[in-house]
Amino acid sequence: ALQVRSRNETLRTVFEAGKFALDKIDTTVIGVNEQQQVVLTNRSADAILSSGRSLTIRAGKLVARRFSDSVALEHLLQSAMQTSIGRSESSGGLMTIHEDERMTPISIIVTPFRSRCVLAHVHICALVFIVDPGAKPLSRAALLREIFALTPAECRLSGMLHEGLDLN
């Protein structure tokens with residue numbers, strides 16, 4: 001019983017660390033299970049989904065606001081699921097969603113995800129990456145502050161070292 005509890009704690013810790021890392025990157029990531037239910041989102045995905053702009057979650061599933069986009073997205077997800085469970089060899093796919101003429105379209109990349117272990121309570125079969133060209137990425141300094149809790153001066157020094165400044 002102690003070994004099972006210890007293993008579950010380890011898996012939960014690994015899952016939480018992975019979720020923390022996903023929240024720190026600019027890339028929007030959504031994990032979907034075999035039933036096409038959204039089981040993992042990072043902070044960037046939460047922002048897009050809560051805006052209700054192009055995508056939303058309905059009955060636990062990722063759907064596009066326009067019906068034709070939803071059909072295409074469901075097809076990509078189903079294809080990725082089949083590959084993830086070993087019934088197909090599809091590598092996923094890409095689609096673009098145009099909400100309206102005034103807004104920049106977003107790109108959605110769906111890829112199969114195969115894992116031999118289930119992390120905590122989550123079993124991800126497909127990953128959805130969303131690229132929003134209209135979104136402003138974090139600056140390198142903001143990212144360093146976010147991940148490593150650096151001061152502005154430490155961020156500037158890090159940037160100069162990255163550009164090749166020699167401290168001698």
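Coordinates for the structure precede this section.
All values reported here derive from a predicted model rather than from experimental measurement. (Residues numbered from 1 in each chain as written. Predicted model: local features only at pLDDT ≥ 70, side-chain atom pairs only at ≥ 80, totals over all residues. Heavy atoms only, no water.)

Engineer: Hey, could you run me through helix H3 (residues 67-84) in this one?
Structural biologist: Spacing of three or four residues puts side chains on the same side of an α-helix, whose turn is 3.6 residues. Along its 18 residues, H3 runs 25 Å from first to last C-alpha, staying within 8% of the 26 Å computed at 1.5 Å per residue. Elements in contact with the buried residues of H3: strand E1 (28-32), strand E3 (55-58), strand E4 (61-64), strand E5 (93-97), strand E6 (106-112) and strand E7 (126-131). Of the residues flanking the end of H3, it is glycine 86, one or two places downstream, whose phi is positive at about 85°. (Helix = DSSP H or I, 4+ residues; strand = E, 2+ residues; numbered from the N terminus. Expected span 1.5 Å × (residues − 1). Contact = heavy atoms within 4.5 Å.)

Engineer: Help me out: how do you make sense of the sheet that holds E5 in this one?
Structural biologist: What links the strands of a sheet is backbone hydrogen bonding, and the strands pair in either a parallel or an antiparallel sense. Strand order in the open sheet formed by five strands is E2-E1-E7-E6-E5, and the pairing between neighbours is antiparallel. The sheet is open, and its two borders are formed by strand E2 (38-41) and E5, each paired with just one other strand. For this sheet, the mean angle separating the axes of adjacent strands, direction not counted, is 25°. Sheet topology note: the E5/E6 ladder contains five bridges and is antiparallel. Among the inter-strand pairings, glycine 93 is bridged to a residue of E6, identified as valine 110. Across the sheet, helix H2 (residues 43-51) is in contact with E1, E2 and E7; its angle to E1 comes to roughly 85°. Contacts from H3 reach E1, E5, E6 and E7, with the element oriented near 25° to E6. (Pairing = 2+ DSSP bridges. Axes fitted to C-alpha atoms, helices over the stretch in contact; angles between N-to-C directions.)

Engineer: Sorry if this is basic, but what is going on with the pairing of E2 here?
Structural biologist: Within a regular strand, side chains alternate between the sheet's two faces. The pairing of E1 with E2 spans three bridges and is antiparallel. Bridge pairing links isoleucine 30 to threonine 41 in E2. In this antiparallel pair of consecutive strands, E1 and E2, the connection spans five residues, and glutamine 36 shows a positive phi of 65°.

Engineer: What am I meant to see in the pattern of salt bridges here?
Structural biologist: Oppositely charged side chains are able to pair whenever their charged atoms sit close together. Applying the stated rule across the entire model yields one salt bridge. Across the pair arginine 66 and aspartate 69 runs a salt bridge, and its minimum N-O distance is 3.4 Å. For arginine 66, a relative accessible area of 40% puts it in the partly exposed group. (Salt bridge = Lys/Arg side-chain N within 4 Å of Asp/Glu carboxyl O. Buried < 20%, exposed > 50% of the residue type's maximum accessible area, 1.4 Å probe, protein only.)

Engineer: Before we go on, may I ask you to explain the packing of helix H4 (residues 140-148) against helix H5 (residues 152-162) in this structure?
Structural biologist: The contact between H4 and H5 brings their axes to 9 Å, and the two run at 120°. As the angle between them shows, H4 and H5 are arranged oblique. Crossing hand, H4 versus H5: right-handed. Contacts between H4 and H5 involve Arg140, Ala141, Leu144 and Arg145 from the first element and Cys155, Ser158 and His162 from the second. A breakdown of the residues in the contact of H4 with H5 according to their chemical character gives three nonpolar, two polar and two charged. (Parallel < 35°, antiparallel > 145°, perpendicular 65-115°, else oblique. Left-handed = near helix turned anticlockwise from the far one by under 90°. Nonpolar A, V, L, I, M, F, W, Y, C, P; charged D, E, K, R; others polar.)

Engineer: Would you take a moment to explain the nonpolar core for this structure?
Structural biologist: Across soluble globular proteins, you tend to see nonpolar side chains buried next to one another. With 23 residues, the main nonpolar core has Ile30, Leu55, Ile108, Val110 and Val128 as its most contacted residues. Those elements giving two or more residues to this core turn out to be E1, H2, E4, H3, E5, E6 and E7. With five residues, the single largest contributor to this core is H3. Setting aside residues up to four positions removed in sequence, isoleucine 108 forms contacts with Leu55, Leu73, Gly93, Leu94, Met95, Ile97, Val128, Phe129 and Ile130. (Core = buried A, V, L, I, M, F, W, Y, C linked by side-chain atoms within 4.5 Å.)

Engineer: Would you mind showing me how to read unusual backbone geometry here?
Structural biologist: For glutamine 36, which is not glycine, the phi torsion reads 65° and is therefore positive. Structurally, glutamine 36 can be placed in the loop between E1 and E2.

Engineer: What exactly am I supposed to notice about the pairing of E4 here?
Structural biologist: As judged from the four bridges shared by E3 and E4, these two strands associate in the antiparallel manner. The partner of threonine 56 across the bridge, within E4, is valine 63. Connecting E3 to the next strand, E4, in antiparallel fashion are two residues, including alanine 59 with a positive phi near 55°.

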